[in-house]
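# Residue-level structural notes
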Amino acid sequence: AQPLSSLPWRYSQYEPAINRYKEGGDFPIHVDGHALTVNILLNQPGAFSGGGTAFWCEPRDGQPVPSRSRSVALRAGASPITAPKCPSKEVEATLALQPTHGTGVLFSGTVQHAGLPVCAGVRYLLVASFSIADEGFKAVGMAPPHWAR
C-alpha cells in the first residue's frame, strides 16, 4: 500500500489561506466539501475578543439529528464566547470552540460550521480544506468518494 503522504492532495480554491476577521467579522454557516479542514488560530492572546467556530451535528440517513443544540450567547458577560462591546446575537449550535494561539482544529469538510463574530480587535486564522485527489484513490485501487469528485 502507498503511504498517505505520497498521494496527491487537492485543496479548496485559494487555500491554504489566512483569513482576517475585523470587528464584526464572521463567516456564515457552510460546509467546505472536502475530506478535511484544519483551522489554526494565529493571534497572540488578547489580540481580539469574540470569534471562534461553531459546529452543527450532521444529519443521519437524511433525517435531522435530534436537537442537542444549545444557544451560544454572544453578548457581554454571558459565556466564554463573548466579550464586552459584542452585539447581542444568539446562534444555535451543537458546539462552539475558541482555541488558543497555535491550536489546530481538524474536522470533516462535511460538517456544518460558521465563524463567530469578532467583537474587538482582529482575528487571524490559517484555513486549509483538502482531499486526496482522484488520482490518489485510483493509485490505491479505490473509487473516489462523493466529496472527492
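Refer to the structure printed above.
Residues numbered from 1 in each chain as written. Predicted model: local features only at pLDDT ≥ 70, side-chain atom pairs only at ≥ 80, totals over all residues. Heavy atoms only, no water.

### What to know about the overall build of the protein
If you tally the helices and strands in the protein, you get 1 helix and 13 strands. Reading the protein from its N end, one meets helices and strands in the order β-β-β-β-β-β-β-β-β-β-β-β-β-α. Per-residue burial over the protein gives 38% buried out of 149 residues. Looking at the protein alone, contacts between residues at least 24 apart form 79% of all its contacts between residues at least 6 apart. Element-wise, carbon and sulfur atoms account for 58% of the exposed surface of the protein, whose accessible area totals about 8,600 Å². (Helix = DSSP H or I, 4+ residues; strand = E, 2+ residues; numbered from the N terminus. Buried < 20%, exposed > 50% of the residue type's maximum accessible area, 1.4 Å probe, protein only. Contact = heavy atoms within 4.5 Å. Areas by Shrake-Rupley, 256 points an atom, 1.4 Å probe, with all protein chains shown as cover.)

### A word on the packing of aromatic side chains
Scanning the entire structure with this criterion turns up 2 aromatic pairs. For the pair Tyr 11 and Phe 130, a centre-to-centre distance of 5.7 Å together with 55° between the ring planes defines the contact as tilted. Of this pair, Tyr 11 sits in strand S1 (residues 9-11) while Phe 130 sits in strand S13 (residues 123-132), and the two are 119 residues apart along the sequence. Look at Phe 55 and Phe 107: their rings are 4.9 Å apart centre to centre, the planes differ by 80°, and that puts the pair in the edge-to-face class. (Phe/Tyr/Trp six-rings, centres within 6.5 Å; stacked < 30°, edge-to-face > 60°.)

### What to know about the sheet that holds strand S11 (residues 113-115)
Strand order across the open sheet formed by 4 strands is S3-S11-S6-S9, with antiparallel pairing between neighbours. This sheet does not close on itself; its edge strands, each paired only once, are strand S3 (27-30) and strand S9 (95-97). With direction set aside, neighbouring strand axes in the sheet form an average angle of 15°. (Pairing = 2+ DSSP bridges. Axes fitted to C-alpha atoms, helices over the stretch in contact; angles between N-to-C directions.)

### Describing the pairing of strand S4 (residues 36-41)
The sheet contact formed by S4 and strand S10 (residues 104-108) spans 5 bridges and is antiparallel. Counted as the bridge partner of Leu 36 is Ser 108 from S10. Sheet topology places S4 next to S13; 6 bridges connect them, and they run antiparallel. Its bridge partner being in S13, Leu 36 is matched across the sheet by Phe 130.

Just distances and angles here, no functional claims.
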